[in-house]
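Observations on the model geometry
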Amino acid sequence: MWSAALAVLVLLFATSTAWGQSGCAPGEAMARALRETYGEELRTSAEIAPGRRVFFYVNPRNGTWTMTETGPRAPGVQCLVGDGVGWTPAPSPPPGAPA
């Protein structure tokens, strides 16, 4: 019983470590890979906490998007947070409306 539980824990740890390594890259390499593979370009980024920033890449032609994050433990390294399809630009506010 204990050996089976231990095996599951080891497998879960190994899987999460492997995903973390394959889902992160230096920012320039991440941007290049998203551009060359999916045609996505950086649309916006925002600081979400001191030393933490999210980046939102988009391909406006086919609607694919990818979100990455960087943090203080590995400055300049972006890790995948999420991705999907169906991105559409927000409508522009009418002239004179608050942004």
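A brief look at the structure comes next. Think of each chain on its own: its residues are numbered from 1, step by step along the sequence as written. pLDDT decides what is reported in this predicted model: residues at 70 or higher carry local features, side-chain atom pairs at 80 or more are listed and counted, and totals for whole chains, interfaces and linings draw on all residues regardless. Side-chain measures were taken over the full set of non-hydrogen atoms in the model, leaving aside hydrogen atoms and water.

Looking at the sheet that holds strand 5 (residues 77-84)
Spelled out, the test is: Being paired, for any two strands, means DSSP has found at least two bridges between them. Secondary structure counts use DSSP, requiring at least four H or I residues in a row for a helix and at least two E residues in a row for a strand, with both numbered from the N terminus. Here the axes come from fitting lines to C-alpha atoms, over the contacting stretch only for helices, and the angles between their N-to-C directions go from 0 to 180 degrees. Residue contacts are defined here by distance: any two heavy atoms, one from each residue, within 4.5 Å place the two residues in contact.
Taken in spatial order, the 5 strands of this open sheet run 1-5-4-3-2, and their pairing is antiparallel. A single partner strand is all that each edge strand has here, and the edge strands are strand 1 (24-26) and strand 2 (41-49). The sheet shows a mean angle of 30 degrees between the axes of neighbouring strands, taken without regard to direction. Note that strand 1 and strand 5 share 3 bridges and pair antiparallel. Across the sheet, the residue bridging to alanine 25 is glutamine 78, located in strand 5. On top of the sheet, helix 2 (residues 27-38) reaches strand 1, strand 2, strand 3 (52-59), strand 4 (64-70) and strand 5; it is set at about 110 degrees to strand 1, its chief contact.

Details of the environment of alanine 74
By the secondary structure assignment, alanine 74 is in the loop between strand 4 and strand 5. Remark: the alpha-carbon pair of alanine 74 and proline 26, spanning 48 residues in sequence, is separated by 9.2 Å.

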